[in-house]
Amino acid sequence: MTATQPTTLRGYFATLSPNAQGALWVMASAAAYTLMTTLVKYLGEGYPPPVQIFYRQVAGFLVLLPYIFKHRAAAYSTTRPVMLTFRSLAATSALVLSFYSFQNMPLADANALSFTRTLWIVPLAFFLLREKIGPVRLGAALLGFVGVLVMVRPGSSGGFVFGLPVLAALASALLFAFTTTGTKVMTRETSPTTLLVWSATLGLVLSIPGAILMWRWPAPVDLALLFTMGAVATLNQFCFVNGMKVGDAAAMAPIDYIRLVFAAAVGFFLFDETPTIWTALGAAIVVASTLFITWREIAGARKARVEAPAPA
């Protein structure tokens with residue numbers, strides 16, 4: 001007697017392994033992130049990073065406001081307010097630096113540098129989360145970073161100049177590594193929605209001082225785009241937090257590399273940023289590592305279902 005096969009997409013999703021489900025969440029996060037950074041770059045000439053982040057946080061907070069009103073105290077219920085505050089401060093600082101790099105560099109290049117955080121996520125997952133880092137996961141993460149290095153070719157002729165945009169991207173990556181690892185720690189005791197509520201609320205408060213110093217009144221169309229950026233950013237966080245909750249942090253890190261491919265495509269079609277052969281080669285390496293991780297997890301889930309005893 002064979003097990004009943006799932007007949008809906010949701011039913012099939014539920015049969016996947018935790019890491020396979022996490023991979024799909026992270027891929028959805030990557031798509032949302034690419035749309036957000038596209039808007040960051042498009043609006044960059046008229047709105048500096050602190051102003052963009054303020055409107056992003058306002059929009060994100062408004063998206064969550066119905067949930068906050070409905071659940072009130074429960075929406076902010078946590079046993080780790082200090083850690084959540086520190087996480088929000090680090091995330092807000094990382095966003096300012098990240099927005100600056102995306103405004104002043106090609107999308108593919110800025111995305112490539114943002115993935116230096118993978119070098120930190122893997123050891124942090126080992127030392128702080130006590131996750132087992134097998135050779136396959138470690139190898140996939142390192143292979144993805146090799147692809148990043150192929151794309152940026154630091155020190156080569158025509159490569160990066162070690163200026164403020166590059167420094168901002170690297171500093172942002174380090175801060176995001178801490179927030180990513182902290183997300184995994186806090187999802188053990190705090191729901192993803194509560195994390196989003198704290199992030200949206202504290203992020204809005206922390207963004208106000210910088211926005212006041214560099215204030216710009218947006219045109220109606222720009223205001224709509226700024227709010228869209230915020231709504232998409234909230235979707236990005238929701239997908240990413242769920243991916244980190246159901247999957248291991250070190251296993252999820254390589255999946256997020258798919259953002260590089262999305263960014264290169266958007267840069268080419270919308271901003272006339274022509275990828276070089278090195279960008280294409282690096283992207284191919286990144287895609288290979290990402291698809292391998294996803295395929296391995298899905299294949300493992302299918303094998304487990306086949307070998308599982310049939311219900312009596």
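Whatever comes next refers back to the structure up there.
Heads up: these notes are all about the structure in this document. For every chain, the first residue of its written sequence is number 1, and the numbers climb from 1 along that sequence. Confidence filtering applies because this is a predicted model: local features only for residues at pLDDT of at least 70, side-chain atom pairs given and counted only at 80 or more, and all residues used for totals across whole chains, interfaces and linings. Note that water and hydrogens are dropped before the side-chain values are worked out from all heavy atoms of the structure.

### Looking at the overall build of the protein
Helices and strands together make up the secondary structure of the protein, namely 13 helices and zero strands. Overall, the protein shows an N-to-C arrangement of helices and strands of α-α-α-α-α-α-α-α-α-α-α-α-α. A burial count over the protein gives 50% of its 312 residues as buried. The criterion used for residue contact is that any of the two residues' heavy atoms lie within 4.5 Å. In the protein, once contacts between residues fewer than 6 apart in sequence are set aside, the share between residues at least 24 apart is 89%. Accessibility throughout is a Shrake-Rupley quantity obtained with a 1.4 Å probe, and a residue counts as covered only by protein chains that appear here. Only carbon and sulfur atoms are counted for the fraction: they give 71% of the accessible area of the protein, which is about 15,100 Å². Helical segments are the DSSP runs of H or I of at least four residues, strand segments are the runs of E of at least two, and each set is numbered from the N terminus. The classification of residues rests on relative accessible area computed with a 1.4 Å probe and restricted to protein chains. Under 20% of the type maximum is buried, over 50% is exposed, and intermediate values are partly exposed.

### As for the nonpolar core
In this text, buried Ala, Val, Leu, Ile, Met, Phe, Trp, Tyr and Cys residues form a nonpolar core when linked through side-chain atoms within 4.5 Å. Ranked by internal contacts, the top residues of the largest apolar core, which has 38 residues, are M36, F54, L64, F99, F102 and M229. Listed by contribution, the elements that provide at least two residues to this core are α2 (18–42), α3 (49–71), α4 (81–104), α5 (107–114), α8 (164–186), α9 (192–213), α10 (220–246) and α12 (258–271). Here this core gets eight residues from one element, more than from any other, and that element is α3. Excluding residues that lie within four positions of it along the chain, F99 makes contacts with M36, V40, P49, Q52, I53, R56 and M229. Counting residues in each nonpolar core, the second largest holds ten residues, with F145, V148, Y257 and L260 among its members.

### A short note on the packing of aromatic side chains
Each Phe, Tyr or Trp ring, with Trp reduced to its six-membered ring, pairs with another whose centre is within 6.5 Å; inter-plane angles below 30 degrees give stacked pairs, above 60 give edge-to-face pairs, and intermediate values give tilted ones. Taken as a whole and assessed by the stated rule, the structure comprises nine aromatic pairs. Taking the centre distance of 5.2 Å and the plane angle of 85 degrees together, the rings of W215 and W217 count as edge-to-face. Classification of W215 by relative accessible area gives partly exposed; the value is 29%. An aromatic cluster is present here, built from F54, Y55, W215, W217 and F227 joined pairwise through their rings. The cationic tip of K41 hangs over the ring face of F271; the distance from NZ or CZ to the ring centre is 5.9 Å. A cation sits over an aromatic face here: R259 above Y33, 3.9 Å from the ring centre. Both a distance and an angle decide whether a charge sits over a ring: NZ of Lys or CZ of Arg must be within 6 Å of the ring centre and within 35 degrees of the ring normal.

### Regarding the packing of α3 against α4
For helices, the fitted axis covers only the stretch in contact; all axes are lines through C-alpha atoms, and the angles between them, taken along N-to-C directions, range from 0 to 180 degrees. Remark: α3 packs on α4, axes separated minimally by 9 Å, with the N-to-C direction vectors making an angle of 120 degrees. The orientation of α3 with respect to α4, classified from their angle, is oblique. Classified by chirality, the crossing of α4 by α3 is right-handed. Here α3 contributes P49, Q52, I53, R56 and Q57 to the contact with α4, which in turn contributes T92, L95, V96, F99, Y100 and Q103. Residue polarity is assigned by list, with Asp, Glu, Lys and Arg as charged and Ala, Val, Leu, Ile, Met, Phe, Trp, Tyr, Cys and Pro as nonpolar; anything else, Gly included, falls into the polar class. Tallied by class, residues from the contact of α3 with α4 come to six nonpolar, four polar and one charged. Any angle that falls under 35 degrees is termed roughly parallel, while one over 145 is termed roughly antiparallel, one within 65 to 115 roughly perpendicular, and all others oblique. Throughout, a crossing is termed right-handed when the near helix is turned clockwise from the far one, and left-handed when it is turned anticlockwise from it by less than a right angle.

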